[in-house]
Amino acid sequence: MASTAEPGYQIFSFEDCKSSPDPVFDIPAQCLSPTPSPIIIDNGSFQTRTGWAGPAGEQDSPQLLFRSVAARNRGAARSETQIGNDIPNLEPLRWLLKSQFDRNVVVNFEIQELIFDHVFTHMGITSEDGVAHPIVLTEAPCNPLHCRQMMSELLFECYRVPYVSYGVDSLYSFYHNNIQRNLQPPHTGIVLSSGYHCSHILPVINGRFDAVNSKRVNVAGSQAASYLQRLLQLKYPGHLAAITLSRVEELLHEHSYIAADYHEELEKWRSPEFYEREVHRMQLPFTSKVPGGCVSVEERQERRAQQLRRLQEINARRREEKLQQDQERLDRLMAVQELLEDGLLDQFHKSLVELNMDSAEELQSYINKLQLAVEQGRQKLLHIDGADGKTEVSELEQPMDEGDGVALMDPDFPEDTLPEKPANVIQPVFNMAEYHQLFIGTERLRCPEVMFQPSPTGEDQMGLMETLQYVLARYTPEQQEALVSNVFLTGGNMQYPGMKERVERELRAMRPFQSHFKVTMALRPSLDAWYGARDWALEHLPGEGGVSTEGWISRQDYEEKGGEYLSEHCASNVFVPIKLTKPVPPRPTESTGTSLTPTGACAATTTTVTSAPTPPSSTVAEIPMVTS
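Not measured: the values here are computed from a predicted model. (Residues numbered from 1 in each chain as written. Predicted model: local features only at pLDDT ≥ 70, side-chain atom pairs only at ≥ 80, totals over all residues. Heavy atoms only, no water.)

Considering the sheet that holds strand S6 (residues 70-71)
Right, on to step 1. Taken in spatial order, the three strands of this open sheet run S7-S6-S8, and their pairing is antiparallel. Each edge of the open sheet is held by one strand with a lone partner, namely strand S7 (82-83) and strand S8 (97-98).
Right, on to step 2. Both S6 and S7 contribute to a ladder of two bridges, which runs antiparallel. Bridging from a neighbouring strand, Ala-71 pairs with Gln-82 of S7. (Pairing = 2+ DSSP bridges. Helix = DSSP H or I, 4+ residues; strand = E, 2+ residues; numbered from the N terminus.)

Points about the confidence of the model for the protein
Right, on to step 1. Overall, the prediction assigns the protein a mean pLDDT of 83, with 82% of residues at 70 or greater.
Right, on to step 2. Segment residues 389-418 is flagged for pLDDT under 50; beyond a separation of four residues in sequence, or across chains, it makes 41 contacts in the model.
Right, on to step 3. Note that pLDDT drops below 50 for residues 591-628; the model gives that stretch 55 contacts with residues more than four away or on any other chain. (pLDDT = per-residue confidence, 0-100. Contact = heavy atoms within 4.5 Å.)

Quick word on the sheet that holds strand S4 (residues 47-52)
Right, on to step 1. Taken in spatial order, the six strands make up an open sheet running S5-S4-S3-S11-S12-S21, and their pairing is mixed. Each of the sheet's edge strands pairs with one partner strand only, and the pair in question is strand S5 (64-67) and strand S21 (553-554).
Right, on to step 2. Examined bridge by bridge, strand S12 (residues 163-168) and S21 share two bridges and lie antiparallel to one another. By the bridge assignment, Val-164 is partnered in S21 with Ile-553.

Describing the pairing of S12
Right, on to step 1. For S12, a buried count of six out of six residues is recorded, marking the element as mostly surrounded by other parts of the structure.
Right, on to step 2. Burial of S12 is two-sided: the residues Tyr-163, Ser-165 and Gly-167 facing one way and the residues Val-164, Tyr-166 and Val-168 facing the other way are all buried.
Right, on to step 3. Of the pairings in the sheet, the one linking strand S11 (residues 135-139) to S12 comprises five bridges and is parallel in character. When the bridges of S12 are listed, Thr-138 appears paired with Gly-167.
Right, on to step 4. Traced from S11 through helix H2 (residues 145-158) to S12, the parallel crossover comes out right-handed. (Buried < 20%, exposed > 50% of the residue type's maximum accessible area, 1.4 Å probe, protein only. Right-handed = clockwise from strand over helix to strand, strands pointing away.)

Concerning the side chain of Thr-490
Right, on to step 1. Within the element layout of this structure, Thr-490 appears in strand S19 (residues 487-490).
Right, on to step 2. In this structure the side chain of Thr-490 is engaged in a polar contact, spanning 2.9 Å, whose partner is the side chain of Ser-173.
Right, on to step 3. Contact partners of Thr-490, with chain neighbours within four places excluded, come to Ser-170, Ser-173, Val-191, Leu-192, Ser-193, Ser-194, Ala-522 and Pro-525. (Polar contact = N/O pair within 3.5 Å; in protein donor to acceptor, adjacent residues only side chain to side chain.)

Re the packing of helix H3 (residues 169-180) against helix H16 (residues 528-539)
Right, on to step 1. Viewed as axis vectors pointing N to C, H3 and H16 meet at an angle of 70°, and their least axial separation amounts to 7 Å. Compared by their axis directions, H3 and H16 come out roughly perpendicular. Here Asp-169, Tyr-172, Ser-173, Tyr-175, His-176, Asn-177 and Ile-179 of H3 come into contact with H16, specifically with Asp-528, Ala-529, Tyr-531, Gly-532, Ala-533, Asp-535, Trp-536 and Glu-539. (Axes fitted to C-alpha atoms, helices over the stretch in contact; angles between N-to-C directions. Parallel < 35°, antiparallel > 145°, perpendicular 65-115°, else oblique.)

Side note on the packing of aromatic side chains
Centre-to-centre distance and the angle between the planes together describe a pair of aromatic rings.
Right, on to step 1. Summed over all chains, the structure comprises eleven aromatic pairs.
Right, on to step 2. Taken together, a centroid distance of 5.1 Å and an interplanar angle of 70° make the contact between Phe-120 and Tyr-159 edge-to-face. Here the residue Phe-120 occupies a position in helix H1 (residues 109-122), and Tyr-159 occupies one in the loop between H2 and S12, the gap between them amounting to 39 residues.
Right, on to step 3. On the accessibility criterion, Phe-120 (3% relative accessible area) is buried.
Right, on to step 4. With a relative accessible area of 7%, Tyr-159 lands in the buried category.
Right, on to step 5. Pairing Tyr-163 with Trp-552 gives two aromatic rings, centres 6.3 Å apart and planes at 80°, and the pair type is edge-to-face. One end of the pair, Tyr-163, is in strand S12; the other, Trp-552, is in the loop between H16 and S21, and 389 residues separate them in sequence.
Right, on to step 6. Put simply, the rings of Phe-116, Phe-120 and Tyr-159 touch in pairs and so form one group of aromatic residues. (Phe/Tyr/Trp six-rings, centres within 6.5 Å; stacked < 30°, edge-to-face > 60°.)

A few points about the pattern of salt bridges
Right, on to step 1. Using the criterion set out here, one finds 23 salt bridges in the structure.
Right, on to step 2. Measuring nitrogen to oxygen at the nearest pair gives 3.5 Å for the salt bridge that ties Arg-208 to Glu-550. Within this pair, whereas Arg-208 is found in strand S15 (residues 208-209), its partner Glu-550 is found in the loop between H16 and S21, the two being separated by 342 residues in sequence.
Right, on to step 3. Looking at Arg-208, the relative accessible area reads 33%, which means it is partly exposed.
Right, on to step 4. A salt bridge links Asp-326 to Lys-322, with the shortest nitrogen-to-oxygen separation between them at 3.2 Å. Of this pair, Asp-326 and Lys-322 both sit in helix H8 (residues 297-341), four residues apart, roughly one helical turn.
Right, on to step 5. Accessibility expressed as a relative area gives 33% for Lys-322, which makes it partly exposed.
Right, on to step 6. When salt bridges that share partners are traced, they join Asp-60, Arg-534 and Asp-535 into one network. (Salt bridge = Lys/Arg side-chain N within 4 Å of Asp/Glu carboxyl O.)

See below:
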C-alpha cells in the first residue's frame, strides 16, 4: 500500500497479513459418484496446494493453500500441533517451526503425516477406514528412492489409498501450459524452475524428462530472502527486531525486480534523481508520542495525584488482607483453647502438636498478640478511611512492587524539578515517522540477482543461466535448437518483473549468431503445477478393480513391487540405470563338474579344463540403480 508523501517519492507500508484458519469443506457430490475423484496435492516446500480433480468450472482452483510448516510447543501433545494457516503469526514461533523438507526433498515424514491429516480433514474426508480417493502427489526431480518408498508406505499403509501417482511439479506446469498453447505432443523443451529452496534445469525430449542431463542450483527464494534480511539489518541496526523474515519476503514479492543488465542498472542508481524517484520507503509501525517530551506542571501534578491514589488503594487492600488472615488464625487458636475449657485434653494436646506449641501458656500468649494485632489493624483502617490524602509508607507489611512510584511519593520530593523553558525557544522537531522508514534502493535488484550470481550469498556454484549453458552443451546442435525453441519458466521464484527479458538477453549472448529461441513464462507460475496435475489426472483416470494404468501405482503394485516402484508418465521422474565399474575375480585355473556362464546360469560340463591361466582383468558390470 502506497501513499504520496512529497512530489518525487512514495511511502509504502507493510501489509503484515495475518492468516486465518482453513475452513472444513464438505466433499462435493460429483466427487463421490460414479467413481471417487482424485485428490491433487502439490506438495511444495513453501506452500501446499490441494484440491479435487473436477471438471473445469466446477473445481477450478485449489481449495486449500497454506504454508508447509508445523508449529508445536515444547512438551505439547501431537494433537496440539498447528499447521499452515492455523498459525496466526509465524514470527513469534519462528524457532518452533518445522518443515517436512530438507532443501526440496521430503525427509521428515512425521511432519508430512501431520500435513496429510490437515489436508484430508479440511477437505471433508473423516472416514476412519482410510482415504478412498486416488492421490496425485508432486515430488522433487530425481527424488531419492528411499524418500519415495517412505511416502508410498505412508499413503498405502497409513491412509490405505487405492492409487498413487507421482510427478514433478515443474513438469506438470510445462504440461499444462503446452496444452493451453495448443502444442501437439510429444513436447520438447527445457524447463527453468525456481522455488523456495532450489532451482532446476530440466530438459524434456519427446515428452520424456531427461534426468541424466538435468541439474539443480541450490539458490532460490529462501537464499534471496536471507540475503535481503542481512543487508537491511546491517543498514538499520536500530530496527533489527522489526526486520522480520515475513516482511523481507513481502519486500521480495512486491518491491523487487530483475535487471536486464545488472551493471548498467547499478550505474543508474548512482544518480541522485534516479535514486529519489525509484527508492521505496517502507514505513515501519511506530508510536507518534516522543518519550521524555515536555510535560507541564499541571500534568505532573495530575500524575502524582493518580500515583498517590493508586498507592493508597494498594496499602488499604494489603491491610485488609493481613487483617483477614490474622482474624482467621485467631479464630483457630480460640477454637483450640475451647477444647481445654471443655476438658477434651487429648484433642487439645493433639492440636497443640499440630500448631507446633508446647503448652497452654504459649497458646494464650499467641492469642493475646493476635488480638492486639487485629485491634490495631482495625484502628488503622478506620484512621485511613477518615484521613484523606495521607500515606504511611513505613507501615507497609510487605515490600512494594517495582514501578509503583514509591520514590515519587516522598513528601520532600520537589514538584518543579525542571525549570520552565521560555516559550520563545524553538525546539528541534524529531520526525519519528522518517526514523522508522526503510529505504529500499539497490536492494530491490541485488537480492534477486543471486539467482544469476550466487557468490554474494556464499554459494560456490554456477548461476542459473551458466548452468543452462552447461546443460545445453551436452546435446547435439540439432537437439539444442529443439530445446531452446521452447524455454519454459515456472515456479514461484520466477515471478519477478523483468525475469523473462533477462533470460532472453542471456540466451541471446550464449547462442550462435542469428539462432532462434523462444522463452515462455507460465500463466500462473506458482499454481500451474497444481493445474497441470489436475489436467493429467482427468485425462488418465485409474482403471477399475485395481487394474494399474499408465502413471498410477495401485495397492497391488505396491505390495508386489515395493515402495520404490514408479509408474512413469509424461510428467514423472524416470528410471535411470547407472553403470558402475566392478572388478570381476579371475577365473580359476582348473574347474571340474560345473562352471558359471557370464549370465550367471549354471551349465553342466563333463570335461576338465587344463588350459593356461588367463590374466586377471576388470570388466564393467551393469548394476541397475535408480536416480529417479
